[in-house]
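Here is how the chains run, residue by residue.
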Amino acid sequence: RDLSKQLQRLEKPFNSETRNDVLAASYLTPTDALYVRNHAPVPRIADATTHRVLFLDGEQEVASASISELAARFPRVSVTSILQCAGNRAADDARSSGPNGFHGTPFEHLGCGMVGNVRWSGVRLSDVLPAMLPQRLGP
């Protein structure tokens, strides 16, 4: 994360907006500049080979896999997509409509930087879930 490309709104949990000049400079938002909107602390995943993802059916664990195992087992795909926080432009909304749900919070002055056009890559959940939860989602 490059904080010189962002306006930090909150340290814990971390929240930031992408600066407007950074958004305007490129069709794709640089990964290190993309806004961050967290509602709770985010755990650090130090090692993709040991961090496990659990798959539950109700409260029963039916499968688990490391992030590395999922990446090796399923095809990697990429999608370009715009992502926007529902709170984007909260300050403009408040100016035009009066106090809103962000009034009195650290997000009261949000500009238009909680948006980005990003190339996402990884495995598809639509491939992973039927394979890991076949009794629920299998063929």
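Reading the values: the criteria
- Residues numbered from 1 in each chain as written.
- Predicted model: local features only at pLDDT ≥ 70, side-chain atom pairs only at ≥ 80, totals over all residues.
- Heavy atoms only, no water.
- Phe/Tyr/Trp six-rings, centres within 6.5 Å; stacked < 30°, edge-to-face > 60°.
- Lys NZ or Arg CZ within 6 Å of the ring centre and 35° of its normal.
- Salt bridge = Lys/Arg side-chain N within 4 Å of Asp/Glu carboxyl O.
- Helix = DSSP H or I, 4+ residues; strand = E, 2+ residues; numbered from the N terminus.
- Buried < 20%, exposed > 50% of the residue type's maximum accessible area, 1.4 Å probe, protein only.

A. Local environment of the packing of aromatic side chains. Scanning the entire structure with this criterion turns up 0 aromatic pairs. When the ring centre of F107 is taken as reference, the NZ or CZ atom of R37 above it lies at 4.0 Å.

B. Spatial organisation of the pattern of salt bridges. In the structure shown here, the tally under the stated rule is 6 salt bridges. Here R52 makes a salt bridge to E69, at a shortest N to O gap of 3.1 Å. Linking R52 in strand β4 (residues 52-57) with E69 in helix α2 (residues 67-73), this pair joins segments that are 17 residues apart in sequence. For E69, a relative accessible area of 40% gives the class partly exposed. Between D92 and R89 there is a salt bridge, with its nearest N and O atoms 2.8 Å apart.

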